[in-house]
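# Notes for the structure review
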Amino acid sequence: MSSKEKKPTTELPLEERIKQIRADIDAIIDARTAAVAKENPGVPPGVIRNLLTARAPACACAQYLELEGQR
């Protein structure tokens, strides 16, 4: 489903909105991981991702807020 085909978030049940938000956060973290990996060849992406999210390991939302605060 493309972003144009997605239902507006407010029309979805809470569980589906949470799943959508977590998928968006994972995509952001994956993109940040890929950007850092380009600058650090030889470092496994899993290690980079763990380092990026280590300050807020409890949930994806906290990880996103922590990453955004680093900019």
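Heads up: the structure comes first, above all this text.
Read on for an overview of the structure. Bear in mind that the values here come from a model prediction, so they are computed numbers and not experimental data.

## Focus on a nonpolar patch on the surface
A contiguous nonpolar surface patch, about 250 Å² in accessible area, is contributed by Val 43, Val 47 and Leu 51. Within the secondary structure, Val 43 is located in the loop between helix H1 (14-39) and helix H2 (45-53). Of the residues examined, Val 43 reaches a relative accessible area of 34% and is grouped as partly exposed.

## Thoughts on the pattern of salt bridges
Under the definition given, this model contains five salt bridges. Two residues, Lys 19 and Glu 16, come together in a salt bridge whose shortest N-O distance is 3.7 Å. Linking Lys 19 with Glu 16, this pair stays in helix H1, spanning three residues, or about one helical turn. Overall, the relative accessible area of 45% leaves Lys 19 in the partly exposed class.

## Let's talk about the packing of H1 against helix H3 (residues 60-69)
Relative orientation of the contacting elements H1 and H3 amounts to 40°, with a least axis distance of 9 Å. When the axes of H1 and H3 are compared, the pair comes out oblique. You can see that H1 and H3 cross each other, and the crossing is left-handed. Residues Ile 21, Arg 22, Ile 25, Ile 28, Ile 29 and Arg 32 of H1 pack against Ala 60, Cys 61, Gln 63, Tyr 64, Leu 67 and Glu 68 of H3.

## Thoughts on the nonpolar core
The biggest cluster of nonpolar side chains holds six residues, and these are Ile 25, Ile 29, Ile 48, Leu 52, Ala 60 and Leu 67. Elements that contribute at least two residues to this core include exactly H1, H2 and H3. Dropping the residues within four chain positions of it, Ile 48 is found in contact with Thr 33, Val 36, Ala 37 and Val 43.

## Considerations on H2
Within H2 the residues assigned to the buried category are Ile 48, Leu 52 and Thr 53. Across the axial projection of H2, the buried residues extend over an arc of 120°, all falling on one side. The exposed set on the far side of H2, more than 90 degrees from its buried face, consists of Asn 50 and Leu 51.

## A few points about the environment of Glu 68
You can see Glu 68 is positioned in helix H3. Every residue in contact with Glu 68, bar those within four places of it in the chain, is listed here: Ile 28 and Arg 32.

Rules of the game
Residues numbered from 1 in each chain as written. Predicted model: local features only at pLDDT ≥ 70, side-chain atom pairs only at ≥ 80, totals over all residues. Heavy atoms only, no water. Patch = residues over 30% accessible without salt bridge, like charges linked within 9 Å, V, L, I, M, F, W, Y side chains within 5 Å. Areas by Shrake-Rupley, 256 points an atom, 1.4 Å probe, with all protein chains shown as cover. Salt bridge = Lys/Arg side-chain N within 4 Å of Asp/Glu carboxyl O. Helix = DSSP H or I, 4+ residues; strand = E, 2+ residues; numbered from the N terminus. Buried < 20%, exposed > 50% of the residue type's maximum accessible area, 1.4 Å probe, protein only. Axes fitted to C-alpha atoms, helices over the stretch in contact; angles between N-to-C directions. Parallel < 35°, antiparallel > 145°, perpendicular 65-115°, else oblique. Left-handed = near helix turned anticlockwise from the far one by under 90°. Contact = heavy atoms within 4.5 Å. Core = buried A, V, L, I, M, F, W, Y, C linked by side-chain atoms within 4.5 Å. Arc of directions from axis to C-beta.

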